[in-house]
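An overview of the molecular structure
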Amino acid sequence: MNDGSIIHSLQVVADVQHFGEDLLKNITTGACIGITGTLVESPGQGQPVEIHATALEIYGTADPETYPLQKKGHTLEFLREIAHLRPRTNTFGAVLRIRHAMAFAIHKYFNDNGFFYLHSPIITGSDAEGAGAMFRVTTLDAKNPPLDEKGDVNFREDFFGKVTNLTVSGQLEAELGAMALSLVYTFGPTFRAENSNTPRHLAEFWMIEPEMAFYDIHDDMDLAEDFLKFLIRYALENCYDDLEFLNKMYDESLIERLKSVTKSQFVRISYTEAMDILMNAGQTFEFPLGWGNDLQAEHERYLVEKHFGKPVMLSDYPKEIKAFYMKQNDDGKTVRALDVLFPKIGEIIGGSQREENYDKLISRIREMNIPEKDVWWYLETRKFGTAPHSGFGLGFERLILFVTGMANIRDVIPFPRTPMNAEF
Ligand code: 4AD
Ligand code: MG
């Protein structure tokens, strides 16, 4: 029997004479039972102790004809179709316990380092991040919405009196918090309506976003590296049995890889240097290379897995492929962006030093045609007591992918939200 608290099961020995075959035959895979008995050293192999049952209660049977989790070795694809039952498998038990431990470790790290947890809103009126398509939040009647003078949907009559969406990031609000409390972080769900069906994208995922006053890009990198190493070390120290199980079942190099990342010094190079390495790699990639092009997962993984063999922090990207708020470099071409690339994952963190200069920020906002009426409150941070500051976003599920060695992001969140999939 197993109550989900650890990966190991407890062997129960029950005397058929005592309990009777009619009762015992109800205890099939998936049944829920209560046992009273004596814990004794186990004479058999494979477990140190076992319970000799003196009393037995069956709370719920599970008909072997219809209970889907019969034999071992179901495919992960099959388990996704029964997301309501898959937490009961060893694999998802391990993943969910590790996920919990990582959430706890994140709060512990920040609390121990003087950060304050800031709750950024989930419903937002700003579409300024530009991180991808958003999910509309509305109470208007889809069939018969109120119309304005021009015949467009009149969102002034909507619940909030304006267009609102689910947030793509808590960063802009975290910046407001950092201007008050210096060190803050958010940790909440974020939503992106991109139609990207990849093993690394979800439409609903959790993000951790620290934001630090008086940090420049180098301080930002130091924090990102220390934070990630702390989390991986925490998993190795607190989730070893679950990691051992996943190492055995899915990924033989998992524990070795985790250890190696905690010991390695992350590489720090610029986007331009990375592009040079890729163009001289003598390797054909699916997506085109060239200064100004965004890096794709295949490029990121080449740098991390083939070229350096350890995590890589890339900075100073072309401004055209990054968000409006990033600090502009003196070259007029690049911004102080930071991406952290991990083996098997690619981008695990995206962040930057922020542009704290009002004039530079407003000129970039105008260049990018961002409506000033949407970001007036954000601009006030640069008007009143502005400060240099930096931050980053860690994708929680990408972290869990790395720590568990699972290959598909749908298998590290209890109920994945992806295009055409919100059944459970
Ligand atoms: O690089 P992104 O878009 O950065 C931001 O949103 C910034 N506002 C963060 C900041 O500076 N405070 O996203 C950050 C991270 C990515 O590196 C990735 O790990 C994860 O969020 N991520 C996703 N994870 C799962 N599914 C998706 N669709 C994701 N999009 C981003
Ligand atoms: Mg990014």
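Residue numbering note: each chain is counted from 1, following its sequence as written. Lettering of chains starts at A and numbering of ligands starts at 1, both following the order in which they are written. Per-residue local features of the predicted model are confined to residues with pLDDT of at least 70, and side-chain atom pairs are confined, for both listing and counting, to 80 or more; whole-chain, interface and lining totals are unaffected and use all residues. Water and hydrogen atoms were dropped before computing side-chain values, which therefore reflect all heavy atoms in the structure.

Section: the sheet that holds strand β1 (residues 11-13)
The following threshold applies: A pair of strands is treated as paired once DSSP finds two or more bridges between them. Secondary structure elements follow DSSP: runs of H or I of four or more residues count as helices, runs of E of two or more count as strands, with numbering from the N terminus. A fitted line through C-alpha atoms represents every axis, and for helices the fit uses only the stretch in contact; the resulting angles, taken between N-to-C directions, go from 0 to 180 degrees.
With respect to topology, three strands assemble into an open sheet ordered β1-β3-β2, the strand pairing being mixed. Of all strands in the sheet, those with a lone pairing partner are β1 and β2 (32-41), marking the two edges. Neighbour to neighbour, the strand axes of the sheet diverge by 50° on average, direction disregarded. Of the pairings in the sheet, the one linking β2 to strand β3 (residues 49-60) comprises ten bridges and is antiparallel in character. Bridging from a neighbouring strand, Gly-37 pairs with Ala-53 of β3.

Description of the site of ligand 1
The cut-off we apply is this: We call a residue near a molecule or strand when any one of its heavy atoms sits within 4 Å of it. Contacts described as polar in this section are N or O atom pairs within 3.5 Å, which, within protein, must combine one atom able to donate a hydrogen with one able to accept it, while residues neighboring in sequence count only if both atoms come from side chains. The method behind every accessible area is Shrake-Rupley, applied with a 1.4 Å probe, and residues are considered shielded solely by the protein chains displayed.
Within the structure, ligand 1 sits among 22 residues, and Gln-171, Arg-192, Glu-209, Glu-347 and Ile-348 are positioned closest to it. Contact between ligand 1 and Ile-348: an oxygen atom at 2.8 Å from a main-chain N or O atom of the residue. Within the side chain of Arg-354, an N or O atom sits 3.0 Å from an oxygen atom of ligand 1. For ligand 1, whose unbound accessible area comes to 630 Å², protein coverage reaches 92%. Among the secondary structure elements, those contributing two or more residues to the shell around ligand 1 are β9 (204-213), β13 (346-353) and β14 (389-395).

Points about the sheet that holds strand β6 (residues 136-137)
Read across the sheet, three strands follow the order β5-β7-β6 without closing on themselves; strand pairing throughout is antiparallel. Looking at strand neighbours, the two that pair on one side only are β5 (123-124) and β6, the edges of this open sheet. Two elements, β6 and strand β7 (residues 164-166), share two bridges in a ladder whose sense is antiparallel. Bridged to Val-137 within β7 is Thr-164.

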